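# Descriptive analysis of the structure
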Amino acid sequence: MASVERVRRIGVMGGTFDPIHHGHLVAASEVQSYFDLDEVIFVPTGQPWQKSDRKVSPAEDRYLMTVIATASNPRFSVSRVDIDRPGPTYTIDTLRDLSRLYPDAELFFITGADALAQILTWRDVDETFKLAQFVGCTRPGTEGLELPLDQLPMDRITLLEVPALAISSTECRARVAKGNPTWYLVPDGIVQYIAKRELYTNR
Ligand SMILES: Nc1ncnc2c1ncn2[C@@H]1O[C@H](COP(=O)(O)OP(=O)(O)OP(=O)(O)O)[C@@H](O)[C@H]1O
Ligand SMILES: O=C(O)c1ccc[n+]([C@@H]2O[C@H](COP(=O)([O-])O)[C@@H](O)[C@H]2O)c1
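- The protein chain is annotated in an unreviewed UniProt entry as Probable nicotinate-nucleotide adenylyltransferase of Kribbella aluminosa.
- Turning to the protein chain, the UniProt annotation filed under Function (unreviewed entry) states: "Catalyzes the reversible adenylation of nicotinate mononucleotide (NaMN) to nicotinic acid adenine dinucleotide (NaAD)."
- The heading Sequence similarities (unreviewed entry) in the UniProt record of the protein chain holds the text "Belongs to the NadD family."

Here it is as structure tokens:
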């Protein structure tokens, strides 16, 4: 009897990753395991339009850091779709591009609770929910955050408790600027890449 092939399940972890840290990696790993995902694709943003009030490192640096941080996990990969698309980055475009590349796959877009709480401000959000299921991971500091539950399609959203890592890219950048260590907050290769490229030194 011919075996029935399971639909491929792909996680999509979008982020600015400036820099990528262990909070991102643990969230992706937990969602991969919980939903038995075949793969998690990390997608660094091109131009994060909701962060236009701050200086964001060059996309190639953020892309390379994401490659370095994910290289050792056989289920993790990195996509350039957002950094190669000109203009502001919208998740609707990310998911359209990935749906074209993986037409038969089921997509799971992974966010932290803070990003999920802002999701109604995203472009074409109704359409976005049609292209992927959403997974909102708990994140320290977001405990009191109110999700607009009555306005969200909760049948397309799973809230997942992940091991709490109180790490943010903002804190990592601030530590580098002050000369404090980031060892063990980010993978070793990222500490070394930040030093080599002199990122976040405000020079
Ligand atoms: N420690 C964490 N635990 C769980 N999710 C996280 C954590 N840090 C970031 N995320 C989620 O990862 C995604 C990408 O995050 P992003 O690259 O903006 O990192 P960040 O640490 O929030 O950055 P910044 O401090 O610069 O705003 C977002 O959905 C965010 O909510
Ligand atoms: O689609 C949008 O309008 C939109 C607005 C803000 C953020 N996002 C996406 O949310 C993910 C996390 O974003 P950030 O800025 O918190 O790193 C990343 O994939 C962004 O492209 C998407």
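Resuming the write-up.
## Quick look at the pairing of strand β4 (residues 106–112)
- Within β4, six of the seven residues are buried, leaving the element largely enclosed by the surrounding structure.
- Summarising the sheet, strand β1 (residues 9–15) and β4 pair through five bridges and their orientation is parallel. Within β4, the position partnered with G11 by the bridge is F108.
- Inspection of the sheet shows β4 paired to strand β5 (residues 133–137) by five bridges, in the parallel sense. The residue bridging F109 from the neighbouring strand is F134, located in β5.

## What to know about the sheet that holds β1
- On the basis of which strands lie adjacent, the open sheet formed by six strands has the order β3-β2-β1-β4-β5-β6 and parallel pairing. The sheet is open, and its two borders are formed by β3 (76–78) and β6 (157–160), each paired with just one other strand. Taken over all neighbouring pairs, the strand axes of this sheet differ in orientation by 25 degrees on average, direction set aside.
- Here strand β2 (residues 39–44) pairs with β3 via three bridges, running parallel. Its bridge partner being in β3, I41 is matched across the sheet by S77.
- Here helix α1 (residues 22–34) sits on the sheet and contacts β1, β2, β3, β4, β5 and β6; the angle it forms with β1, its principal contact strand, is near 165 degrees.

## Description of the site of ligand 2
- The full set close to ligand 2 counts 14 residues, and G14, T16, Y90, T91 and W122 are the nearest of them.
- Those elements giving two or more residues to the shell around ligand 2 turn out to be β1 and α4 (91–101).
- Residue composition of the shell around ligand 2, grouped by class: five nonpolar, seven polar and two charged.

## Focus: the nonpolar core
- By size, the foremost hydrophobic cluster in this structure holds 46 residues, and its most contacted members are V12, A28, V31, L107, F108, F109 and I110.
- Not counting residues within four places of it along the chain, the set of residues in contact with V12 comprises I41, V43, T94, L98, L107, F108, F109, I110 and A132.

## A short note on the confidence of the model for the protein chain
- Across the protein chain, the average pLDDT comes to 96, with 99% of residues at or above 70.
- When pLDDT is averaged over each helix and strand of the protein chain, the minimum, 92, is found for helix α5 (residues 113–117) and the maximum, 99, for β2.
- Prediction confidence for the complex, expressed as pTM and ipTM, is 0.97 and 0.99 respectively.

## Focus: the packing of helix α2 (residues 59–70) against helix α8 (residues 188–196)
- Where α2 meets α8, the closest approach of the two axes is 8 Å, and the angle between their N-to-C directions is 155 degrees. As far as their axial angle goes, α8 and α2 are roughly antiparallel. The crossing of α2 and α8 is right-handed. Contacts between α2 and α8 involve L64, M65, I68 and A69 from the first element and G189, I190 and Y193 from the second.
- Looking at the contact of α2 with α8 residue by residue, the class counts come to six nonpolar, one polar and no charged.

The rules behind these values
Residues numbered from 1 in each chain as written. Chains lettered and ligands numbered in written order. Predicted model: local features only at pLDDT ≥ 70, side-chain atom pairs only at ≥ 80, totals over all residues. UniProt positions renumbered as here; feature names shortened; annotations may be inferred. Buried ≥ 20, exposed ≤ 12 C-beta atoms within 10 Å, placed from the backbone. Helix = DSSP H or I, 4+ residues; strand = E, 2+ residues; numbered from the N terminus. Pairing = 2+ DSSP bridges. Axes fitted to C-alpha atoms, helices over the stretch in contact; angles between N-to-C directions. Contact = placed C-beta atoms within 7 Å. Near = placed C-beta within 6 Å. Nonpolar A, V, L, I, M, F, W, Y, C, P; charged D, E, K, R; others polar. Core = buried A, V, L, I, M, F, W, Y, C linked by C-beta atoms within 7 Å. pLDDT = per-residue confidence, 0-100. Parallel < 35°, antiparallel > 145°, perpendicular 65-115°, else oblique. Left-handed = near helix turned anticlockwise from the far one by under 90°.

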